[in-house]
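Observations on the model geometry
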Amino acid sequence: MLKVTAVSIALLGWAGAALAQQCTATAQAPDATWSAAPLGTTSPDAALKTTTHLRCLGCKPEVSILLVAGPASPALQNMPAGKKSGMAWARTVVADEVQREGFLRSVLRSELRSSPGCKIQGRVHGVAEIGGMGMIGTYIQADCAQPPTKLSGEFFTGYDGECQYQVQLVWGPGVVPIAAEGQAAVRSVLKSVRFGG
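What comes next concerns the included structure. (Residues numbered from 1 in each chain as written. Predicted model: local features only at pLDDT ≥ 70, side-chain atom pairs only at ≥ 80, totals over all residues. Heavy atoms only, no water.)

1. Points about the overall build of the protein
Scanning the protein from N- to C-terminus turns up five helices and nine strands. In sequence order, the secondary structure elements of the protein are arranged as α-β-β-β-β-α-α-α-β-β-β-β-α-β. When contacts within the protein are restricted to residue pairs at least 6 apart in sequence, those whose partners lie at least 24 apart make up 53%. Roughly 11100 Å² of accessible area belongs to the protein as shown, and the carbon and sulfur atoms make up 59% of that amount. (Helix = DSSP H or I, 4+ residues; strand = E, 2+ residues; numbered from the N terminus. Contact = heavy atoms within 4.5 Å. Areas by Shrake-Rupley, 256 points an atom, 1.4 Å probe, with all protein chains shown as cover.)

So, in structure tokens, the structure goes:
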């Protein structure tokens, strides 16, 4: 009887693990203007891992798209909007000044940790839907000392109750807009983004 119970418990544990959501984000290079880039090294203790990195070398200026995903932090889950997900979560955070400012500080802190030697500023600009998920959009500008570089970016952050996802668009050098052709190239990649496992 004990063996049967132990096997049943083991099977239930395996089934629970199999049903647990996997935090992944993927996108396809839609044409020859995009190429896959190395994922780089992510700190082993980083909560969010880069899962896809695409570069458009022919875009003016050059554009990179990074997709990152990982388990949502307790801070995110415990914020007042943490019981919501997707578009409801994004709209709630953007509509509330305190939550919006807290969210922005969190994004900027995260970027400063991953980009030492850079001065980073940004602002939340609204809500968008990418890959069927409501996401908070944040404009980012970075001024980095080594090597001296200025970059622009637009980060989209989503939350589904278990996982946090981010689509990071980074372009430069310089604080310049993406040309119309580059914007069209970015839209073509964003249409292929998929979240979850």
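2. Things to note about the packing of helix α3 (residues 86-95) against helix α4 (residues 97-114)
For the pair α3 and α4, the least separation of the axes is 5 Å and the interaxial angle reads 100 degrees. In terms of orientation, α3 lies roughly perpendicular with respect to α4. In this structure, α3 uses Trp-89, Thr-92, Val-93, Val-94 and Ala-95 to contact α4, whose residues at the interface are Glu-97, Gln-99, Arg-100 and Phe-103. Of the residues that constitute the contact of α3 with α4, the class distribution is five nonpolar, two polar and two charged. (Axes fitted to C-alpha atoms, helices over the stretch in contact; angles between N-to-C directions. Parallel < 35°, antiparallel > 145°, perpendicular 65-115°, else oblique. Nonpolar A, V, L, I, M, F, W, Y, C, P; charged D, E, K, R; others polar.)

3. Notes on the environment of Val-63
Structurally, the position occupied by Val-63 is in strand β4 (residues 62-71). Once residues lying within four places of it in the same chain are set aside, the contact partners of Val-63 are Trp-34, Leu-54, Arg-55, Cys-56, Val-170, Trp-171, Ile-178 and Val-186.

4. A look at the pairing of strand β8 (residues 163-172)
With nine of 10 residues buried, β8 lies mostly within the body of the structure. The pairing of β4 with β8 spans 10 bridges and is antiparallel. Opposite Val-63, over in β8, you have Trp-171 as the bridge partner. Examined bridge by bridge, strand β7 (residues 149-159) and β8 share eight bridges and lie antiparallel to one another. From the neighbouring strand, Glu-154 faces β8, where its bridge partner is Leu-169. Taking the residues between adjacent antiparallel strands as the criterion, β7 and β8 are bridged by three residues, where Gly-161 takes a positive phi near 100 degrees. (Buried < 20%, exposed > 50% of the residue type's maximum accessible area, 1.4 Å probe, protein only. Pairing = 2+ DSSP bridges.)

5. A short note on the state of the cysteines
Throughout the structure, instances matching the rule amount to three disulfides. In this model Cys-23 forms its disulfide with Cys-163; the gap between the sulfur atoms is 1.9 Å. Here the disulfide of Cys-23 and Cys-163 is left-handed, its torsion about the S-S bond being about -70 degrees. A residue pair is termed long-range when its members are at least 10 positions apart, and Cys-23 in the loop between α1 (2-19) and β1 (25-26) and Cys-163 in strand β8 qualify at 140 residues. (Disulfide = S-S within 2.5 Å.)

6. Describing the pattern of salt bridges
As enumerated under the stated definition, the model contains two salt bridges in all. Among the ionic pairs, Arg-55 bridges to Glu-62, the shortest N-O distance being 2.6 Å. For Arg-55, a relative accessible area of 29% translates into the label partly exposed. Between Asp-143 and Lys-150 there is a salt bridge, with its nearest N and O atoms 3.9 Å apart. (Salt bridge = Lys/Arg side-chain N within 4 Å of Asp/Glu carboxyl O.)

7. Considering the environment of Lys-60
With respect to the helices and strands, Lys-60 occurs in the loop between β3 (49-56) and β4. Contacts of Lys-60, omitting those with residues within four sequence positions, involve Ile-178 and Ala-179.

8. Some thoughts on the nonpolar core
In this structure, Trp-34, Val-167 and Phe-195 are the most contacted members of the largest nonpolar core, which totals 26 residues. A total of five residues in this core trace back to one element, the largest contributor, which is β8. Sequence-distant contacts of Trp-34, defined by excluding residues within four places in its chain, comprise Ala-29, Leu-54, Arg-55, Cys-56, Val-63, Ile-65, Ala-185, Val-186, Ser-188 and Val-189. The next biggest cluster of nonpolar side chains, apart from the first, holds 21 residues, and it includes Phe-103, Leu-104, Ile-120 and Val-124. (Core = buried A, V, L, I, M, F, W, Y, C linked by side-chain atoms within 4.5 Å.)

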